[in-house]
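Single-letter residue listing:
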Amino acid sequence: MIRIVKLNKSFNGKPVLQNISVTFEPGKTNLIIGRSGSGKTVLLKSIVGLHEIDSGEIWYENTLFNKLDFIGKKRIRSEMGMLFQGSALFDSLTVEQNVMFPLDMFSDKTPDEKLERVNFCLNRVDIHDANALFPSELSGGMKKRVAIARAIALNPKYLFCDEPNSGLDPITAILIDALIKELTEEYSMTTIINTHDMNSVMEIGEKIVFISEGVKCWEGNKNEILNSDCDSLNDFVFANSLAKKLRASNK
Amino acid sequence: MQTGFKNQFNRNTINISNFGMPNYRRMIKFLTQFGRYFLLLKKVFSKPEKPSLYFKQTFRELVYLGVNSIGIIAIISFFMGAVITLQTAYNTENPIYPKYLIGLGCRDSIILEFSSTVAALILAGKVGSNIASEIGTMRVTEQIDAMEIMGVNSASYLILPKIVATILFNPILTLIGIIVGIFGGWIAGTLSGVITSENFIYGIQYAFIPYYIVYSLIKTLFFAFIITSISAFQGYYVDGGSLEVGQASTKAVVFSSVVILLFNVILTQLLLS
Ligand SMILES: Nc1ncnc2c1ncn2[C@@H]1O[C@H](COP(=O)(O)OP(=O)(O)OP(=O)(O)O)[C@@H](O)[C@H]1O
Ligand SMILES: [Mg+2]
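Figured I'd write up the structure that's included with this text. As the structure is a computational prediction, the values presented were derived from the model and not from experiment.

Overview of the overall build of chain B
Here is step 1: Helices and strands together make up the secondary structure of chain B, namely 10 helices and 0 strands.
Here is step 2: Starting at the N terminus and ending at the C terminus, chain B contains elements arranged as α-α-α-α-α-α-α-α-α-α.
Here is step 3: With the C-alpha coordinates of chain B rotated into their principal frame, the extents come out at 65 × 50 × 40 Å.
Here is step 4: Here the contacts in chain B between residues at least 6 apart in sequence split such that 87% fall between residues at least 24 apart.
Here is step 5: With the model as given, the accessible surface of chain B reaches about 14000 Å², and the carbon-plus-sulfur share is 71%.
Here is step 6: Treating the 19 positive side-chain charges of chain B as one cloud and the 12 negative ones as another, the clouds have centres 7 Å apart.

Right under this line is the structure:
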């Protein structure tokens, strides 16, 4: 469980996140949604400690994460996996070495056991016969999947995904969403996903937090989202014509 | 197109505001950078989490940054040795100068200045820009964030092997530069007929001071550290995109060159006075 209390974050005096309080539960896919520039990435990076926050509290279970020193953070980070907006695979390493990297760094397994684990993770994300390829030789969707494999290599307790399906075709996007949801349930991880894709919201939105201009406006699940009375959320949800038609036909 | 245009615009506005920036503000900016550089070094020199992985990295960097620089150092040393010999010869045509002085001049210029300082400036261009753009690209594509999130000390993992590799290998480059440079002088001198082989060889042995080589190697160690650490610093703190990565690699070359020249003066005063 990850609990955030009254988080504030600004860049050079310009507030980007204001007074955000929210709880993310394990075994569920938690979604942070909002328009481009609303502060989703900054929120996710603040939660994992890549951004220093101005004020507020970030709790991982019963540990106050944002007050820990490097060593303390490192302990919690060994239980985190993260998928970045641009995949962030290591260019100079092959697919196999990329997934192996966290194992090399932090596990005491033998080389054979590590390789087995790597292949297990790659299979899990449906990547086959690509062990020796470099990231530049992969398609965007494959990169995302390899990045997911790397993120789950150490069996994390917490999984963070920044726009896991942006730039992918609708079918691949849904496959990736489904994969993340499956993994979340299988390992009972606390998963937080940033997205502005309404398809994902309707597919896997077990808990949804809507952020607009750095403020949390709404929180609920995918069934409640169509009937909210928050104006900016309705603008967001019913932005495309398909959704508008759906709403009209429902009324 | 759009962003390119915007960046162009931003760059202009930054230049204009820099122009009017009061001196104390610039001073504070400089001191901040200075402090950040030393904080980064502190992170770099903290205890490695997996020494075996660091060994592997260091070996890789020895090849990338060291072995791959042998070619350029050899070519440039050869031609510099040749040119120094010819210039010394044409400037000392007066018969009161003994001929062997040409060999001696070639030897001392190569050992004292060329093999360390000039070679370091060339390496700042080759190795420095390479380091800054590699690390800078890793920063803007979030690869460094990905390492940090795993709990890896990215500064140490990425930079320490490079520093160790260049400090180990650049002295070898210096020795190669000395040998090839003097060889180039001998070839140019004898082929052009400005000096006989015997005179040249007598000259390079005449009044030889072995300490000059030590002096040159000590300078090389400092320069290796300067090039690697300054370039890595420029790359590690890139903020933005590919445009900024390019700027960082230019800055890496300029700053490390200036610091090399500054330390050249300081070290010469300390070591030769
Ligand atoms: N390093 C930074 N320095 C200054 N401002 C920043 C920085 N990072 C983000 N911002 C600002 O914070 C705001 C939110 O950015 P953020 O990246 O969180 O948006 P986002 O919701 O992730 O958008 P998108 O969906 O396009 O990825 C933006 O206005 C951005 O300009
Ligand atoms: Mg984002």
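A look at the coordination of the magnesium ion (ligand 2)
Residues and elements named next belong to chain A.
Here is step 1: Protein coordination of the magnesium ion (ligand 2) is provided by Thr 41 (OG1) and Gln 85 (OE1), with donor distances spanning 1.9 to 2.7 Å. Of the two residues, Thr 41 is situated in helix H1 (residues 40–47) and Gln 85 in the loop between strand E6 (80–83) and helix H3 (95–106); the sequence distance between them amounts to 44 residues.
Here is step 2: On the basis of relative accessibility, which here comes to 33%, the residue Gln 85 falls in the partly exposed class.

As for the packing of aromatic side chains
Here is step 1: Taken as a whole and judged by the stated rule, the model has 19 aromatic pairs over all chains.
Here is step 2: Here a set of aromatic residues connected by ring pairs shows up, and it is made of B:Phe30, B:Phe34, B:Tyr37, B:Phe38, B:Phe233, B:Tyr236 and B:Tyr237.
Here is step 3: Positioned above the aromatic ring of A:Phe65 is the side chain of A:Lys73, whose terminal nitrogen or guanidinium carbon lies 5.7 Å from the ring centre.

Description of the interface of chain B and chain A
Here is step 1: Taken residue by residue, the interface counts 18 residues in chain B and 25 residues in chain A.
Here is step 2: It is B:Glu142, B:Ile149 and B:Met150 that lose the most area in chain B upon contact with chain A, and together they represent 35% of the buried surface on that side.
Here is step 3: Across the chain B-chain A interface, the total number found is 2 salt bridges.
Here is step 4: As a salt-bridge pair, A:Lys45 and B:Asp145 come within 3.3 Å of each other at their nearest N and O atoms.
Here is step 5: Those elements giving two or more residues to the side of chain B that touches chain A turn out to be helix H3 (51–66) and helix H6 (143–150) of chain B.
Here is step 6: For the side of chain B that touches chain A, the leading source of residues is H6(B), giving 7 residues.
Here is step 7: Classifying every residue of the side of chain B that touches chain A by side-chain character gives 8 nonpolar, 4 polar and 6 charged.

Rules used in this analysis
Residues numbered from 1 in each chain as written. Chains lettered and ligands numbered in written order. Predicted model: local features only at pLDDT ≥ 70, side-chain atom pairs only at ≥ 80, totals over all residues. Heavy atoms only, no water. Helix = DSSP H or I, 4+ residues; strand = E, 2+ residues; numbered from the N terminus. Contact = heavy atoms within 4.5 Å. Areas by Shrake-Rupley, 256 points an atom, 1.4 Å probe, with all protein chains shown as cover. Lys, Arg positive; Asp, Glu negative; His and termini not counted. Charge placed at Lys NZ, Arg CZ, Asp CG, Glu CD. Donors = N, O, S within 2.8 Å, 3.2 Å for Na, K, Ca; no water. Buried < 20%, exposed > 50% of the residue type's maximum accessible area, 1.4 Å probe, protein only. Phe/Tyr/Trp six-rings, centres within 6.5 Å; stacked < 30°, edge-to-face > 60°. Lys NZ or Arg CZ within 6 Å of the ring centre and 35° of its normal. Buried area = accessible area lost by both parts, 1.4 Å probe. Salt bridge = Lys/Arg side-chain N within 4 Å of Asp/Glu carboxyl O. Nonpolar A, V, L, I, M, F, W, Y, C, P; charged D, E, K, R; others polar.

Treat this as a map of the structure, not an account of what it does.
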